[in-house]
Amino acid sequence: MEFEDLVRTRRSVRGYKPDPIPRALIEEIIDVAKGAPSSMNTQPWHVHVLTGKPLERVRERNTETMLGGAKANREILTHGEYEGVHRQRQVAIAIKLFAAMGIERGDKVMRQDWVMRGFRQFDAPVSLVLTYDRELDPGAVVHFDLGALSYGLCLAAWDRGLGTVVNGQGIMRSEIVREEAGIPESEVIMTCIALGYPEDDFPANTVKADREPNDRFVHFVGFED
Ligand SMILES: Cc1cc2nc3c(=O)[nH]c(=O)nc-3n(C[C@H](O)[C@H](O)[C@H](O)COP(=O)(O)O)c2cc1C
């Protein structure tokens, strides 16, 4: 795909075919994505690729734990609830997704079902768990590096007909992911990315999230025009 088409057509995928993804294809995607820039070329990332039984166990335990009322237990610092303009954008994408899925505002059961899909990483056949070397904490620069890798993974997958969604919900209970994936304590779990072939009929997969016009966030300095 042409680069611009790739970027403009990519969107988060939240409904997947169960078909397994060949390891060679995942290797290829990671190979492209690792061309991402990183601070001083430190390449501080690790990618743990889960499928089959271990991923099923993560899903089951995530579901059980979150349904049991447990709080999130992430290893990276988070900001708490979004407010103001960030909250507005968060609500806007939720409205679009719920409208596509036919979930009514007051339908608590279906809303809960949607949240639980997130904890199951949308039942994707593969989960890429991204971690970094703990000795680089406190993060910030290393988080930036992993962001660059993440976008590369999403684009390289999309270019091959595969969908992704960066999925904070999937590592909400990081201790479960750590245990099931055998992630050493020397690494910090940053996020995970669900990966698989998009389910064509899944309504939320058609949703395109809005972006702000440039004049809301771009500031040109020293230009003549
Ligand atoms: C760090 C990060 C965490 C995310 N976590 C979730 C998540 O837990 N559940 C979800 O449905 N989408 C999640 N997303 C996807 C965003 O909602 C999505 O990227 C955004 O709405 C823009 O839509 P697009 O990717 O389709 O362009 C996450 C994205 C990022 C970058």
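So, a few notes on the structure that sits alongside this text. (Residues numbered from 1 in each chain as written. Predicted model: local features only at pLDDT ≥ 70, side-chain atom pairs only at ≥ 80, totals over all residues.)

**Some details on the site of the ligand**
The condition that has to hold: Proximity of a residue to a molecule or strand is defined by its backbone-placed C-beta atom lying within 6 Å of that partner. By the convention adopted, Pro, Cys, Tyr, Trp, Phe, Met, Ile, Leu, Val and Ala count as nonpolar, Lys, Arg, Asp and Glu as charged, and the other residues, Gly among them, as polar.
By nearness alone, every residue bordering the ligand is listed as R11, S12, R14, I93, G118, V165, V166, N167, G168, Q169, T191 and A209. Across the shell around the ligand, the residue classes tally to 4 nonpolar, 6 polar and 2 charged.

**Here we look at helix 3 (residues 52-67)**
Under the convention used in this document: Helix and strand assignments follow DSSP, with helices taken as H or I runs no shorter than four residues and strands as E runs no shorter than two, numbered in order from the N terminus. An expected span of 1.5 Å times one less than the residue number is assigned to each helix. By definition, residue pairs are in contact when their C-beta atoms, positioned from the backbone, come within 7 Å.
End to end, helix 3 covers 23 Å across 16 residues, agreeing with the expected 22 Å (1.5 Å per residue, within 8%). If you follow the buried residues of helix 3, they end up packed against strand 1 (45-51), helix 5 (108-119), strand 2 (126-133) and helix 7 (174-181). Following helix 3 by one or two positions, G69 has its phi on the positive side, about 90°.

**Topic: helix 7**
Selection criterion: For every residue, the other C-beta atoms within 10 Å of its own C-beta are counted; 20 or more classify it as buried, 12 or fewer as exposed, and values in between as partly exposed. C-beta atoms are placed from the backbone.
When we look at burial in helix 7, the residues that qualify are S174, I176, V177, R178 and E180. The inward-facing, buried residues of helix 7 contact helix 3, strand 2 and strand 4 (187-196). Immediately beyond the C-terminal end of helix 7, within one or two residues, lies G182, with a positive phi of roughly 65°.

**A closer look at the packing of helix 3 against helix 7**
Going by this rule: To define axes, lines are fitted to C-alpha atoms, for helices over the stretch in contact only, and angles between the resulting N-to-C directions are given on a 0 to 180 degree scale. By the definition adopted for this analysis, an angle is roughly parallel if under 35 degrees, roughly antiparallel if over 145, roughly perpendicular if from 65 to 115, and oblique otherwise. We call a crossing left-handed when the near helix sits turned anticlockwise from the far one by less than a right angle, and right-handed when that turn is clockwise.
Running from amino to carboxyl end, helix 3 crosses helix 7 at an angle of 155°, the nearest separation of the two axes being 9 Å. Put simply, helix 3 runs roughly antiparallel to helix 7. Considering how the two elements wind past one another, helix 3 and helix 7 form a crossing that is right-handed. Contact residues: P54, R57, V58, R61, N62 and T65 in helix 3; I176, V177, E180 and A181 in helix 7. Of the residues belonging to the contact of helix 3 with helix 7, the class tally is 5 nonpolar, 2 polar and 3 charged.

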